[in-house]
Amino acid sequence: MTLQKWNYKAHTYESFDVPDDRDVRLTVDDLKKVINCANCGKEVVTEDTYSSLTIHNWIGLGYCVCEECYEQEWKDRLKYKE
């Protein structure tokens, strides 16, 4: 699967390949479902995920990412804000 990942430095989306065996999601109807973080692939329970600041679908909705990846996205966002 190919997703789009925002590059703060270049101010553009770049293709981001996710292995086909990963279960990455935008939303799910079961908050106890175990899925994969769209960024690092770690298994995580959906209710413990965050909406990615950088990995989006075609209309800009963020895929589910783990807490560690979300925190790194915030750091990257602040780094390139200036």
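Residues numbered from 1 in each chain as written. Predicted model: local features only at pLDDT ≥ 70, side-chain atom pairs only at ≥ 80, totals over all residues. Heavy atoms only, no water.

Draft legend 1. Summary view of the overall build of the chain. Of regular secondary structure, the chain possesses 1 helix and 6 strands. For 82 residues, the compact-globule estimate of 2.2 N^0.38 gives 12 Å, and the C-alpha radius of gyration of the chain, at 12 Å, lies within 12% of that figure. For the C-alpha atoms alone, the extent of the chain along its principal axes is close to 40 × 25 × 20 Å. The long-range share in the chain, meaning contacts at least 24 apart out of those at least 6 apart in sequence, stands at 32%. Summing over all exposed atoms, the chain offers an accessible surface of approximately 5500 Å²; the carbon and sulfur share of this is 49%. (Helix = DSSP H or I, 4+ residues; strand = E, 2+ residues; numbered from the N terminus. Rg over C-alpha atoms; globule rule 2.2 N^0.38 Å. Contact = heavy atoms within 4.5 Å. Areas by Shrake-Rupley, 256 points an atom, 1.4 Å probe, with all protein chains shown as cover.)

Draft legend 2. Here's a closer look at the pattern of salt bridges. Under the defined criterion, the tally for this structure stands at 4 salt bridges. Linking Glu-47 and Lys-32 is a salt bridge whose minimum nitrogen-to-oxygen distance equals 2.7 Å. With Glu-47 in the loop between β4 (43–45) and β5 (50–56) and Lys-32 in the loop between β2 (12–17) and β3 (34–36), this residue pair connects regions lying 15 residues apart in the sequence. Taking relative accessible area as the criterion, Lys-32 reaches 57% and is therefore assigned exposed. One salt-bridge network, in which partners are shared between bridges, spans Asp-23, Arg-25 and Lys-33. (Salt bridge = Lys/Arg side-chain N within 4 Å of Asp/Glu carboxyl O. Buried < 20%, exposed > 50% of the residue type's maximum accessible area, 1.4 Å probe, protein only.)

Draft legend 3. Layout of the pairing of β2. Pairing geometry for strand β1 (residues 2–7) and β2, over 6 bridges, is antiparallel. Residue pairing across strands places Lys-5 opposite Glu-14, the latter belonging to β2. (Pairing = 2+ DSSP bridges.)

Draft legend 4. Structural view of unusual backbone geometry. Here the phi dihedral of His-11 falls at roughly 55°; this positive angle occurs in a residue that is not glycine. By secondary structure assignment, the location of His-11 is in the loop between β1 and β2.

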